[in-house]
Amino acid sequence: LWELDADGTVLSRATFTGAADVSALDWSSSDGVLYALTDEDQSIVRLAPDGTVEASWPIDVPQPEGIAVRDGQIWVVSDSEGTLDAFALDAWRFE
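All figures in this text were calculated on a predicted structure; none of them were measured in a lab. (Residues numbered from 1 in each chain as written. Predicted model: local features only at pLDDT ≥ 70, side-chain atom pairs only at ≥ 80, totals over all residues. Heavy atoms only, no water.)

Undergrad: Could you clarify how one ought to interpret the environment of Ile 44 in this entry?
TA: Position of Ile 44 among the secondary structure elements: in strand 5 (residues 43–47). Separated by 20 residues in sequence, Ile 44 and Ala 24 place their C-alpha atoms 9.6 Å apart. (Helix = DSSP H or I, 4+ residues; strand = E, 2+ residues; numbered from the N terminus.)

Have a look at this one:
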């Protein structure tokens, strides 16, 4: 993971470990958290600023490939099914 300034200069770097096959990332400005979607693990993970996994949540979405976090919800698209699923962020219990 790289943090860049407006000119594209690298400000910091963090190594992401803890989930296989990350297929998408999204930053939630409402809670200041970076979320990752993993296709192979079929889960969503909440990342700490240093790139470590703070929490994870398994999802039952076949071949998840896209994620968006907006207005208290996490949206996940299934590549194989062509569906868009919504999950309430405040209802999650991360492990």
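Undergrad: Quick question: what am I supposed to make of the environment of Tyr 35 here?
TA: Relative to the helices and strands, Tyr 35 resides in strand 4 (residues 33–38). Among the polar contacts made by the side chain of Tyr 35, one reaches the side chain of Asp 31 at a distance of 2.8 Å. (Polar contact = N/O pair within 3.5 Å; in protein donor to acceptor, adjacent residues only side chain to side chain.)

Undergrad: Would you explain unusual backbone geometry in this entry?
TA: For residues besides glycine, phi is generally negative; the peptide bonds are generally trans as well. Despite not being glycine, Gln 42 has its phi angle at roughly 45°, a positive value. Within the secondary structure layout, Gln 42 lies in the loop between strand 4 and strand 5. Look at Gln 42 and you get partly exposed, because its relative accessible area is 29%. Positive phi is not limited to glycine here, since Asp 71 has a value of about 50°. Summarising the element assignment, Asp 71 is placed in the loop between strand 7 (64–70) and strand 8 (73–78). The exposure class of Asp 71 is exposed, given its relative accessible area of 81%. (Buried < 20%, exposed > 50% of the residue type's maximum accessible area, 1.4 Å probe, protein only.)

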